[in-house]
Amino acid sequence: GWNPLPGTLTEAQQVKEMLSSKYGFKEANILELYNKDYATILSGLSTKLASMKENDNLVIYFAGHGTYKQKGNELIGYWVPLNAKSIDVDYISSTKLAELVAGSNVKHLLMLSDACYGGAMRSSNEIKPPGQLEYKLKSRQVLTSGGLEKVPGNSVFVPMVMKALQLN
């Protein structure tokens with residue numbers, strides 16, 4: 001029941017190319033999961049996270065439909081994978097992603113989420129260590145294309161991310 005987003009595949013490939021050419025991400029370390037279902041996406045992420053070592057860095061990029069719901073005082077964001085029908089069964093929740101990442105050895109993780117209601121993917125319970133943040137500390141960052149609203153079908157997020165990566 002979700003409309004196709006024709007630009008997402010091309011944009012994902014542009015992000016991949018930028019990470020490979022400018023930032024040294026090796027082709028062998030890039031896991032591409034285009035138009036996959038819940039189990040395939042979570043299995044791929046789980047396997048990738050389990051293989052990572054304590055000095056590795058990881059970028060997770062999602063482009064597609066998103067939604068959210070409120071449970072009590074908590075907002076839970078969801079990515080909508082291929083053929084998803086039920087929010088409680090087939091959608092990938094921010095809490096499930098946090099659970100996967102929690103046990104990971106990866107040193108730095110950046111999640112880019114280009115989906116409607118992406119703001120709900122960010123934790124409202126973020127803990128900020130006192131003092132100056134240093135590279136030696138583990139980091140977990142989420143960058144989203146919007147807050148708690150719909151975002152345009154033609155992404156304005158990816159061109160801005162690409163510009164920032166190019167200028168960095």
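Our structure's up above, just so we're on the same page.
Residues numbered from 1 in each chain as written. Predicted model: local features only at pLDDT ≥ 70, side-chain atom pairs only at ≥ 80, totals over all residues. Heavy atoms only, no water.

Student: Just checking my understanding: could you explain the overall build of the chain for this structure?
Tutor: Scanning the chain from N- to C-terminus turns up four helices and six strands. Across the chain, helices and strands are ordered from the amino to the carboxyl terminus as α-α-β-β-β-β-α-β-β-α. Relative to a compact globule of 168 residues, whose C-alpha radius of gyration would be 15 Å, the chain shows 16 Å and is just as compact. Counting only C-alpha atoms, the chain reaches 45 × 35 × 30 Å along its principal axes. For the chain, with 168 residues in total, the buried portion stands at 37%. Summed over its atoms, the accessible surface of the chain is roughly 10,500 Å², and 53% of this surface lies on carbon and sulfur atoms. Distance from the positive charge centre (18 side chains) to the negative charge centre (15 side chains) of the chain: 3 Å. (Helix = DSSP H or I, 4+ residues; strand = E, 2+ residues; numbered from the N terminus. Rg over C-alpha atoms; globule rule 2.2 N^0.38 Å. Buried < 20%, exposed > 50% of the residue type's maximum accessible area, 1.4 Å probe, protein only. Areas by Shrake-Rupley, 256 points an atom, 1.4 Å probe, with all protein chains shown as cover. Lys, Arg positive; Asp, Glu negative; His and termini not counted. Charge placed at Lys NZ, Arg CZ, Asp CG, Glu CD.)

Student: So what exactly am I meant to see when it comes to unusual backbone geometry here?
Tutor: Working note: non-glycine residues mostly have negative phi, and peptide bonds are mostly trans. Residue N35 is not a glycine yet carries a positive backbone phi of 50 degrees. Relative to the helices and strands, N35 resides in the loop between helix 1 (8-21) and helix 2 (38-51). Even without glycine at this site, Y117 takes up a positive phi of about 60 degrees. You can see Y117 is positioned in the loop between strand 5 (108-114) and strand 6 (139-144). On the accessibility criterion, Y117 (19% relative accessible area) is buried.

Student: In this structure, what is going on with the sheet that holds strand 5? I would like to understand it.
Tutor: Paired through their backbone hydrogen bonds, the strands of a sheet run either parallel or antiparallel. Overall, parallel pairing links the three strands, which are arranged 1-5-6 in an open sheet. Looking at strand neighbours, the two that pair on one side only are strand 1 (57-63) and strand 6, the edges of this open sheet. Between one strand and the next, the sheet's axes are offset by a mean angle of 10 degrees, whatever the strand orientation. Bridge count for strand 5 against strand 6 is six bridges, and the pairing is parallel. Bridge pairing links L110 to Q141 in strand 6. (Pairing = 2+ DSSP bridges. Axes fitted to C-alpha atoms, helices over the stretch in contact; angles between N-to-C directions.)

Student: Just to check I follow, could you spell out the pairing of strand 2 (residues 66-71) for this structure?
Tutor: Note on strand geometry: in a regular strand, side chains alternate between the two faces of the sheet. Two strands pair when backbone bridges link them, and strand 2 and strand 3 (residues 74-79) are joined in this way by six bridges, in the antiparallel orientation. Following the sheet pairing, K71 is matched in strand 3 by E74. Hairpin geometry of strand 2 and strand 3 is characterised by an intervening segment of two residues between the two adjacent antiparallel strands and by a positive phi of about 65 degrees at G72.

Student: I tried to follow the nonpolar core on my own but got confused; where do I start?
Tutor: Nonpolar side chains in soluble globular proteins tend to be buried together. Counting 17 residues, the largest nonpolar core has L58, I60, W79, L97 and L109 as its most contacted members. Those elements that place two or more of their residues in this core are helix 2, strand 1, helix 3 (94-102) and strand 5. The element best represented in this core is helix 2, accounting for four residues. With residues near it in sequence (within four places) discarded, L58 still touches K48, L49, M52, V106, H108, L109 and L110. Counting residues in each nonpolar core, the second largest holds nine residues, with M18, L112, F157 and V161 among its members. (Core = buried A, V, L, I, M, F, W, Y, C linked by side-chain atoms within 4.5 Å. Contact = heavy atoms within 4.5 Å.)

Student: How should the packing of helix 2 against helix 3 be read in this particular structure?
Tutor: When two helices pack together, you describe them by how their axes are tilted relative to each other and by the distance separating the axes. Taken N-terminus to C-terminus, the directions of helix 2 and helix 3 make an angle of 25 degrees; their axes are 9 Å apart at the nearest point. Classed by the angle they form, the pair helix 2 and helix 3 counts as roughly parallel. Relative to helix 3, helix 2 is oriented so that their crossing is right-handed. Two secondary-structure elements touch here, helix 2 through Y38, L42, L45, S46 and L49 and helix 3 through K96, L97, L100 and V101. Split by residue class, the contact of helix 2 with helix 3 holds seven nonpolar, one polar and one charged. (Parallel < 35°, antiparallel > 145°, perpendicular 65-115°, else oblique. Left-handed = near helix turned anticlockwise from the far one by under 90°. Nonpolar A, V, L, I, M, F, W, Y, C, P; charged D, E, K, R; others polar.)

Scope: geometric values only; no functional claims are made or implied.
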